[in-house]
Structures are given as C-alpha cells and as structure tokens.
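Okay, here's what each chain looks like letter by letter:
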Amino acid sequence: MDKTNLIENFITQVIAHSDFTELDRIYLRNRILALVGDEARKVATSKKDLLDLKDELIQFAQNSGKCSANNSAIDVLDAQLMNLIVPRPSVVNRNFWQTYESSPQKAIADFYQMGKDSNYIKTRAIAKNIYFTAASKYGDLEITINLSKPEKDPKEIAAAKQAKANSYPKCQLCMENEGYLGHVNYPARTNHRIIRFQLRNEIWGFQYSPYAYFNEHCIFLAPKHEPMVINKQTFANLLEIVAKFPGYFVGSNADLPIVGGSILAHEHYQGGKHRFPMEKAPIYKKLNFKGFDDVEAGVVKWPMSVIRLRSKNQKSLVKLADKILTVWQSYSDEKVDVRAFTANTPHHTITPIARLHGHTYELDLVLRDNQTSAKYPDGIFHPHSDVQHIKKENIGLIEVMGLAIFPPRLKPELLEVKKFLLDQPNRIAPVHLDWSKKIKSKYEITSENADQILQKELGLVFARVLEDAGVFKQTADGKAAFMRFVKEVGLN
C-alpha cells in the first residue's frame, strides 16, 4: 500500500477506528470513490489524522465538482464519509447495553467517544467558541460566545427559502434523523446514532448534541413528535433518567413560549456531565413543606426563583414537585406583577433540573412566568431592552443554570467596543454605545486590561439578564413575595 496515497491512508484510519478489517479495503475504497470521484485514487497526502484526511477528500470532491462548495453539501459529504466508522444502529445499541451491564459509565463514555471519533460531535468547531467565567454576587457565571455552527452563505439561504418545508423528519429531535442524508434546509445526519432506552412504557432516545455547549451535552428525546409539557410525569422521568445515566444531570426547558427553549414542538430533555453555577449556589432560606418530612427544601441564592428539593425518596420528590407546580400554575400576586392567567391564557410553568448525589436525588424547580406588557412587550420576566444589545433571545434551560450562550455577532461587535474603550478608530454599533460609555467611566482602561474588563462587564450583563428573568426579585419585597408563594404551597 502506498503510504502517501490519500484514499489508502483514509481507509487505514477507517479500519483503525471501526469494525472493518484489511479484508474490507477494496470495498471501502469503492464506497469512498463513489462519494468523492474516481480520480481521488491518484491524490497524494502527508496527512495521517482521520479528520484531516477526511477534509482533504472533501476538498478534492469540491475541486472535481463532485461536491458543491456550500456548507450544506460539505456537511452531507462529511457525514457520509465519517459514517464508515460508525456501526449500524442495532450494533451500536447492542454494544452499549452489553457494556452497560458491567459498567454504565463505560457504556456512556464509549458512545460519547464514538460521537467524537465520527465527527458527529463537532469537536473542532466547538473549540472555536469563546468561553470564560465572570464573577458575580451569585458566584462565577459561565460565558460563551457561540462560534461553532457554520453560517449559511447567501446562495444557501436563497435556496433554503425556495425548498419545500420539511415533513420528514418533522424536526431535528425526531428518531427519523438517524442516518438521514440532509440537504440545504436540513443538517446531515448520516453518521448519527441514537441509544434506545425504556422510560415508563415508552422507548426513548439518548443522543449527543453535535454542537455541544458543555461537557457531554446530550439529549433525551421522546419517541413521538409531540409538544413539550411540564407535569408530574416530567419530574418522575427526570429522576429516573439520572438514576439510569450516572454522573449526568438532566433538565427540561419550560413548556411555554418566551420562557421555553428553541424547540417546543418535540418533548425532550437535555443533560450532560457538567456542574453549572446554579448547582453550586447555596440555600439562603430553608423550607419545611407540610407532609414532606423526608424532603429537604430551600430557596436557592440565585437571580432566578429556584426551590431546591433533596430526598432519597423519588416518590416524595415527585409528589412535592407536582404540588409546587400545581399551585404555581394558578398563583397570582399583583404586588409583584405575577399573574397566572390573562383571560384564558396560562403564564406559569417550571424549568426543572434533576441530579443524583450518591443515593440522594436533587430537584431544582425554577419558577417561570411568560407574561408580556406594554412596557415589556418581549416579556416582563425576559431580558429587558437595556441589555438586549447583548442578549435578547429566550432564557432557556442552559442559561437558567448560569451558562450564557451569546450570539456570534458579539465577537466582531465587541472588538469595536474594545477599540472605543481604548480611544482607537472604531465602528462601534450604536446599540453598544451607552453601555460602552458607562464602562469607560468606571475604569482606567489600557490595552493590557481591556479584555479582562470587557469579560467582567459581560458577566454583569448576564447576571442582570438572569435577574430580569427571575419572577421574585433579589430584593426585600421580592423575597417576601417568594415566601408568600411557598406558604401557599404549605409550610410546617
């Protein structure tokens, strides 16, 4: 075998990362040539890494006209090539559950590694994200500027507008995504695999997020394309999942617009192996709920309104969480603009997060209210207009827990803010001007400390964003209002 040949080197790496053997070399060669073109047999390379070799094959396919130069076509070919190292779904599931019998942790770790090896989890793209921590009165918050997802070029956007709306799969969380080719309007999923597991009387799916926001960012998805809902069964499901997937937290976005996540049409939860700032936040007020002596409870010192429940008894936790939800869904307090309904439109729900510490289950219940008003048309408990130059999108599960996901536009915009702070020629966006002037008045800014100051101020903005989203504010009046609510639930 020619060790400088692109195709042969790629085949060697495929064999090393899969169940294929040397006997499969001819078969693999022909499958790859069908994707990138026969002339690839003549291409030399100095690369040895699987992903580097894959990139060169895609580049050749583009140069030869076998693959269009747009990101969607590249994504499709990428997934097809990397699918060669991924076993078929039945084998992936069989291997997972066989390993799980002796070590659930190893089964999970192996599945995660397969996602990275096959480039389904876009580790190189994720590495482009900007990440830092910022101190706040609620502890260190985590800040990311999301740069991992490739942007579509104008031609792709135009083509996507002309394309028919997707009816199969119905959304990106449906089981039917497993192995789906993808197109200009839909991401490639040829190398995508889903672990099936039983949850109550249904078979749910466990998969990883291709563009993870935190360590081992995963998704647990319902088998049917049905809208998200927060109810008693949700709490039971979350506790069962953390027992089944050791080391992982799991939580659900809220089930109402404005306070919910980006996908409300398909029931799903998110989890992973990450300790968020909210988990580290202490209890500032202990609570003893009547009839629940086996449940420790308290109000969390956090900008959003969080009740933390802890118990070794799953049933007690579920029963109390359901009681809190039921009371909250019909609870109003006009003194602090909390209203359960406008006419017949419900406004109250919960963002729940579950964890398992040893044998003790922990359930954080974040109270959410999606009202709007003339003063706050985007949401009374939503980032207000003076911070929307940084963050105007919904505050979903991940951000509730203290990890900001800021849009990619901020990277170039903040560069101009930095120039403004340093009195350099700049093109600062008008929306950032007032904020930048305030920063400038607070500090002696130099080229050495400008980045650190900007990171600190972004953290303060994120803390404000979370405070805006909090139903009961971190004030004397807000804390008193919170106590009025928990008394309504029933305290000893």
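What counts and what doesn't
Residues numbered from 1 in each chain as written. Predicted model: local features only at pLDDT ≥ 70, side-chain atom pairs only at ≥ 80, totals over all residues. Heavy atoms only, no water. Helix = DSSP H or I, 4+ residues; strand = E, 2+ residues; numbered from the N terminus. Expected span 1.5 Å × (residues − 1). Buried < 20%, exposed > 50% of the residue type's maximum accessible area, 1.4 Å probe, protein only. Contact = heavy atoms within 4.5 Å. Pairing = 2+ DSSP bridges. Axes fitted to C-alpha atoms, helices over the stretch in contact; angles between N-to-C directions. Polar contact = N/O pair within 3.5 Å; in protein donor to acceptor, adjacent residues only side chain to side chain.

**A short note on helix H16 (residues 476–489)**
Then, in step 1: Between its first and last C-alpha atoms H16 spans 20 Å; for 14 residues at 1.5 Å apiece the expected length is 20 Å, and the two agree.
Then, in step 2: Every buried residue of H16 is accounted for by Gly478, Ala481, Phe482, Met483, Phe485, Val486 and Val489.
Then, in step 3: Elements that come into contact with the buried residues of H16 comprise strand S8 (283–287), strand S9 (296–300), strand S10 (306–311), helix H11 (314–329) and strand S14 (360–369).
Then, in step 4: Just beyond H16, the residue with positive phi is Gly490, at close to 125 degrees.

**Some words on the sheet that holds strand S1 (residues 130–134)**
The pairing of strands in a sheet happens through backbone hydrogen bonds and is either parallel or antiparallel.
Then, in step 1: Spatial strand order, S1-S2-S15: three strands in an open sheet with mixed pairing. Edge positions in the sheet fall to S1 and strand S15 (403–406), since each has one partner strand and no second. Pairs of neighbouring strands in the sheet enclose a mean axial angle of 20 degrees, with direction left out of account.
Then, in step 2: Looking at chain direction, strand S2 (residues 141–145) and S15 are connected through four bridges and run parallel. Within S15, the residue paired with Ile145 across the bridge is Phe406.
Then, in step 3: Sitting on the sheet, helix H15 (residues 450–469) touches S1, S2 and S15, and the angle it makes with S2 is about 105 degrees.

**Focus: helix H1 (residues 6–16)**
Residues that lie three or four places apart on an α-helix share one face, since the helix turns once every 3.6 residues.
Then, in step 1: Most of H1 is tucked away, with eight of its 11 residues classed as buried.
Then, in step 2: Taken residue by residue, H1 has Leu6, Ile7, Glu8, Asn9, Phe10, Ile11, Val14 and Ile15 as its buried positions.
Then, in step 3: Next to the buried residues of H1 lie helix H2 (25–36), helix H3 (50–63) and helix H4 (71–82).
Then, in step 4: Between the side-chain oxygen of the N-cap and the backbone nitrogen of Ile7 there are 3.1 Å, and the N-cap of H1 in question is Asn5.

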